[in-house]
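What the coordinates show
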Amino acid sequence: PDGADLCARLGATGYPTIKAFVPAPPGSGGKARVLDYGGPRSAAALRDWAVGLLPGKVDGLADAKGVDAWIGRAGGRAGTAGSASWGGAAVLLLTDKPAPPPMWKALAGQFEGRVAFGAVTGAKAAVALAARWNVTKPLPAVLAFCGGDAGEPAALYGGAPKSSPLESWVRTFAGGRKCAAAVR
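What comes next concerns the included structure. (Residues numbered from 1 in each chain as written. Predicted model: local features only at pLDDT ≥ 70, side-chain atom pairs only at ≥ 80, totals over all residues. Heavy atoms only, no water.)

For the rest of this paragraph, the subject is the packing of helix α4 (residues 102-110) against helix α6 (residues 163-171). Put simply, α4 and α6 touch, their axes get as near as 11 Å, and they point 35° apart. Between α4 and α6 lies a crossing of right-handed hand. Counted together, M103, W104, L107 and Q110 of α4 and S163, L166, E167 and R171 of α6 form the full contact between these two elements. Taken together, the residues of the contact of α4 with α6 sort by class into 4 nonpolar, 2 polar and 2 charged. (Axes fitted to C-alpha atoms, helices over the stretch in contact; angles between N-to-C directions. Helix = DSSP H or I, 4+ residues; strand = E, 2+ residues; numbered from the N terminus. Left-handed = near helix turned anticlockwise from the far one by under 90°. Contact = heavy atoms within 4.5 Å. Nonpolar A, V, L, I, M, F, W, Y, C, P; charged D, E, K, R; others polar.)

What follows is the structure in structure tokens.
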């Protein structure tokens, strides 16, 4: 068969064999890890396993004080925990759900070191912060902040809560392009 050599190298001897290829952290020079899945063969179990492999690059925030401090770190001191490496952009998810969706975790991993990702979960805290920034649309809401200024968001995401449009929107903040204009 076409993949016989690959299967032999990876130790896949039966069908179906499910493996995940987890990349090494950026800049580590390490090799990707190959992980075997040994759980139940249901969509829910596979989803839970795959979501568990996503890196935890989203900062969980509980209240306005914590959000303000996080935005300040993200915008002011590059290289600190939760900050974008150039020191400028932070995107914040406000959701009434108990946890951020897997898509948010995946985007955070994708933009690690270029845009800081945070999430406020739970209706009470998320609704209070939405009111603070005059967000009138129903939750979830995604806001971008630039230069450590928590006073007014640089932008409110208005597209569909889907991976591709969110990725395109966040990309405009990566590396400081959009934030450089916002903080002038």
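A few words now on the environment of L94. Along the polypeptide, L94 turns up in strand β4 (residues 89-95). We classify L94 as buried; its relative accessible area is 0%. Counting along the chain gives 33 residues from L94 to V127, while the straight-line C-alpha distance between them is 7.7 Å. Apart from the residues lying within four places of it in its own chain, the contact partners of L94 are V120, A126, L129, A130, L139, P140, A141 and L143. (Buried < 20%, exposed > 50% of the residue type's maximum accessible area, 1.4 Å probe, protein only.)

So, about the pairing of strand β5 (residues 116-121). On a regular strand, one side chain projects to one face of the sheet and the next to the other, so that they alternate. Within β5, 5 of the 6 residues are buried, which leaves it mostly tucked inside the rest of the structure. Of the strand pairs in this sheet, strand β3 (residues 58-61) and β5 are connected by 4 bridges, and their pairing is parallel. Bridge pairing in β5 places G60 opposite A119. Examined bridge by bridge, β4 and β5 share 6 bridges and lie parallel to one another. Across the sheet, L93 pairs through a bridge with A119, a residue of β5. Read from β4 through α4 to β5, the crossover connection turns out right-handed. (Pairing = 2+ DSSP bridges. Right-handed = clockwise from strand over helix to strand, strands pointing away.)

Bringing α4 into the picture now. A turn of α-helix holds 3.6 residues, and therefore any two residues three or four places apart point the same way. Within α4, burial applies to W104, L107 and A108. Down the axis of α4, the buried set is contained in an arc of 100°. They therefore lie on one face. As for α4, its buried residues are in contact with β3, β4, β5, β6 (141-146) and α6. (Arc of directions from axis to C-beta.)

This model, assessed by the stated rule, comprises 5 salt bridges. Its salt-bridge partner being K19, residue D36 comes within 2.2 Å of it at the nearest N-O pair. Note that D36 is positioned in strand β2 (residues 33-36) and K19 in strand β1 (residues 19-22), a separation of 17 residues in sequence. On the accessibility criterion, D36 (53% relative accessible area) is exposed. In this structure, the salt-bridge partner of K57 is E112, at a minimum N-O distance of 3.3 Å. Of this pair, K57 sits in the loop between α2 (43-53) and β3 while E112 sits in the loop between α4 and β5; the two residues are 55 residues apart in sequence, bridging distant segments of the chain. (Salt bridge = Lys/Arg side-chain N within 4 Å of Asp/Glu carboxyl O.)

Right, let's talk about the environment of L10 for a bit. You can see L10 is positioned in helix α1 (residues 4-10). Overall, L10 belongs to the partly exposed group, its relative accessible area being 25%. What L10 contacts, discounting residues up to four positions off in sequence, is K19, F21 and V34.

Before going further, it helps to examine the layout of surface pockets. Space inside the largest pocket adds up to approximately 290 Å³. Lining the largest pocket are 13 residues; nearest its centre among them are V22, P23, A24, P25 and P55. (1 Å grid on protein atoms, 1.4 Å probe; cavity = no way out; pocket = protein on both sides within 12 Å on 5 of 7 lines; lining within 4 Å. Points joined across faces, edges and corners; volume = space filled by probe spheres on them.)

With that settled, the discussion passes to the sheet that holds β4. With mixed pairing, the 5 strands of this open sheet are ordered in space as β3-β5-β4-β6-β7. Taken across any chain shown, the strands that pair with only one partner, and hence form the sheet edges, are β3 and β7 (155-156). The pairing of β4 with β6 spans 6 bridges and is antiparallel. Note on β6: the bridge partner recorded for V91 is A144. Its contacts with the sheet place helix α5 (residues 123-132) against β4 and β5, and it is angled at close to 115° to β5. Its contacts with the sheet place α6 against β4, β5, β6 and β7, and it is angled at close to 15° to β6.

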